[in-house]
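# Notes for the structure review
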Amino acid sequence: MKNKTAKLQNNADVDMTPMLDIVFILLIFFIVTTSFVKPVAIELNRPLDKPSIEKQSKNAVFSIDANNGVYFSGRLIDLEQVSNNLAMFAAKYEISSVLIKADENSKHNTLMTVMNNIKEYDNYTISLVSN
């Protein structure tokens, strides 16, 4: 008889499903009953726009002589420096338009290069002025 009782063993398994159900119910209860508080902070009244500096409005004047020399404000400049000179002028003044005075004996290629360099910098209104 001793052998029969030794062979009978109870397999005790613990079912975790009800415990997980209770954990999820407690979690849902906690989320539903929690009141979310808006954090208290100092409200700042910031300006909407950047402050503007009043600049004097001027026309930028480029001149092309008969030998295809390009002048800006009376100074001889290189063709590649048109946009740089225009940028320095725009830093000091508000540019209303760009005037180009071309000599009738200057080459068309020089005029187009100056105009392209101006348009490359910004989309200013370009006016051609005769001498």
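Refer to the structure presented above.
What comes next concerns the included structure.

About the criteria used
- Within every chain, residues take consecutive numbers counted from 1 along the sequence as written.
- Totals for whole chains, interfaces and linings use every residue, but because this is a predicted model, local features are given only for residues with pLDDT of at least 70 and side-chain atom pairs only at 80 or more, for both listing and counting.
- Water and hydrogen atoms were dropped before computing side-chain values, which therefore reflect all heavy atoms in the structure.
- Aromatic rings from Phe, Tyr and Trp, with only the six-membered ring used for Trp, were paired whenever their centres fell within 6.5 Å, and each pair was classed as stacked if the ring planes differed by under 30 degrees, edge-to-face if by over 60, and tilted otherwise.
- A helix here means a DSSP run of H or I that spans at least four residues, while a strand means a run of E at least two residues long, and both kinds are numbered starting from the N terminus.
- Here's how the labels work: a residue is buried when its accessible area is under 20% of the maximum for its type, exposed when over 50%, partly exposed in between, all with a 1.4 Å probe on protein chains only.
- For a lysine, the NZ atom is tested; for an arginine, the CZ atom; a charge sits over a ring if that atom is within 6 Å of the ring centre and within 35 degrees of the ring normal.
- Pairing between strands requires that DSSP locate at least two bridges from one strand to the other.
- Note on definitions: angles span 0 to 180 degrees between N-to-C directions of axes, and those axes are lines fitted to C-alpha atoms, for helices only across the stretch in contact.
- If an angle is under 35 degrees, it is roughly parallel; if it is over 145, roughly antiparallel; if it lies from 65 to 115, roughly perpendicular; otherwise it is oblique.
- Left-handed describes a crossing in which the near helix is turned anticlockwise from the far one by less than a right angle; the clockwise case is right-handed.
- The contact criterion used is simple: two residues touch if any of their non-hydrogen atoms lie within 4.5 Å.
- Gly is put with the polar residues, along with every residue not named as nonpolar or charged; the nonpolar set is Ala, Val, Leu, Ile, Met, Phe, Trp, Tyr, Cys and Pro, and the charged set is Asp, Glu, Lys and Arg.

### Concerning the packing of aromatic side chains
Under the criterion given, the structure shown has 4 aromatic pairs. Ring plane angle 85° and centroid distance 5.5 Å describe the contact between Phe72 and Phe89, whose orientation is recorded as edge-to-face. Here Phe72 is found in strand β2 (residues 70-72), whereas its partner Phe89 is found in helix α3 (residues 82-92), with 17 residues between them in sequence. Aromatic side chains Phe89 and Tyr93 sit 5.0 Å apart centroid to centroid with 45° between the ring planes, which places their arrangement in the tilted category. Judged by its relative accessible area of 22%, Tyr93 is partly exposed. In this structure an aromatic cluster arises from ring pairing among Phe62, Phe72, Phe89 and Tyr93. Its end group placed over the ring of Tyr93, Lys58 keeps NZ or CZ at 4.4 Å from the ring centre.

### As for the pairing of strand β1 (residues 57-64)
Pairing of β1 with strand β4 (residues 94-102), which is carried by 7 bridges, proceeds in the parallel orientation. By the bridge assignment, Val61 is partnered in β4 with Leu99. Two elements, β1 and β2, share 3 bridges in a ladder whose sense is antiparallel. For Phe62, the partnering residue across the bridge sits in β2 and is Phe72.

### Regarding the packing of α3 against helix α4 (residues 108-121)
Two quantities define a packed helix pair, namely the angle between the axes and the distance from one axis to the other. In the contact formed by α3 and α4, the axes pass within 8 Å of each other and the chain directions differ by 50°. Here α4 runs oblique to α3, going by the angle between their axes. The interaxial crossing formed by α3 with α4 has right-handed handedness. Across the interface between the two elements, Val82, Ser83, Leu86, Ala87 and Ala90 of α3 pack against Val114, Asn117, Ile118 and Tyr121 of α4. Here the residues of the contact of α3 with α4 are counted per class, giving 7 nonpolar, 2 polar and no charged.

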